[in-house]
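Single-letter residue listing:
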Amino acid sequence: MADNLTPLSKRAEILADLWMNYRDDEDFTDFIEYNDLALPISYALTQNIVKVQPMAETLIGESFDLLLASLEIPEDEGFDSLDDLFSI
């Protein structure tokens with residue numbers, strides 16, 4: 001994924017939404033397990049529990065790119081929500 005059109009704040013919101021609402025969904029079991037650090041960090045960022053740090057930014061970016069790949073979305077088009085990803 002060359003272009004990151006979705007800003008970090010939206011990436012974190014999307015990953016947090018996925019973690020909070022789909023962590024028990026069998027379709028996402030492998031993704032949730034593999035991204036077991038980035039997803040709660042994303043949630044913590046969206047809730048202003050922690051501040052953005054370079055490592056968190058990297059983890060969120062990698063996890064978001066993996067989410068796009070797992071949903072077979074070829075490129076970051078600038079998404080606003082998890083529903084945007086699911087509608088493709």
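Structure's up top.
Okay, so let's go over this structure. In this text the structure is predicted, and so the values were computed from the model without any measurement. Numbering of residues begins from 1 in every chain and follows the order in which that chain's sequence is written. Reporting of local features is limited, given that this is a predicted model, to residues whose pLDDT is at least 70; pairs of side-chain atoms are given and counted only at 80 or more, and all residues count toward the totals for whole chains, interfaces and linings. Heavy atoms throughout the structure, all of them, feed into the side-chain values; hydrogens and water do not.

1. Points about the pattern of salt bridges
Filter applied, for reference: What makes a salt bridge here is a side-chain nitrogen of Lys or Arg within 4 Å of a carboxyl oxygen of Asp or Glu, nothing more. The helix and strand labels rest on DSSP assignments: H or I over at least four residues marks a helix, E over at least two residues marks a strand, and numbering proceeds from the N terminus. Burial status follows relative accessibility: with a 1.4 Å probe on protein chains alone, a residue under 20% of its type maximum counts as buried, one over 50% as exposed, and anything between as partly exposed.
Throughout the structure, instances matching the rule amount to 3 salt bridges. In this structure, Arg11 engages Asp65 in a salt bridge whose closest nitrogen and oxygen atoms are separated by 3.6 Å. With Arg11 in helix α1 (residues 8-22) and Asp65 in helix α4 (residues 54-70), this pair connects stretches of sequence that are 54 residues apart. On the accessibility criterion, Asp65 (21% relative accessible area) is partly exposed. Between Asp76 and Arg11 there is a salt bridge, with its nearest N and O atoms 2.9 Å apart. A residue pair is termed long-range when its members are at least 10 positions apart, and Asp76 in the loop between α4 and α5 (82-86) and Arg11 in helix α1 qualify at 65 residues. One exposure class covers both Asp76 and Arg11, and it is buried. Linked by salt bridges that have partners in common, Arg11, Asp65 and Asp76 make up one network.

2. Details of the packing of aromatic side chains
Just so we agree on the cut-off: Only Phe, Tyr and Trp rings are paired, with Trp represented by its six-membered ring, and only when their centres lie within 6.5 Å; those with planes under 30 degrees apart are stacked, over 60 edge-to-face, the remainder tilted.
All told, the structure shown has 4 aromatic pairs when counted by the stated rule. Taking the centre distance of 5.6 Å and the plane angle of 65 degrees together, the rings of Tyr22 and Phe28 count as edge-to-face. Residue Phe28 is classed as buried on the basis of its relative accessible area, which comes to 10%. Centroid distance Tyr22 to Phe86: 5.4 Å. Interplanar angle 80 degrees. Geometry classified as edge-to-face.

3. Looking at the environment of Tyr22
To be explicit about the condition: We call two residues in contact whenever any of their non-hydrogen atoms come within 4.5 Å of each other.
Turning to its location among the elements, Tyr22 is positioned in helix α1. Remark: the alpha-carbon pair of Tyr22 and Thr58, spanning 36 residues in sequence, is separated by 22 Å. The residues touching Tyr22, leaving out its near neighbours within four places in the chain, are Asp17, Phe28, Ile32, Leu82 and Phe86.

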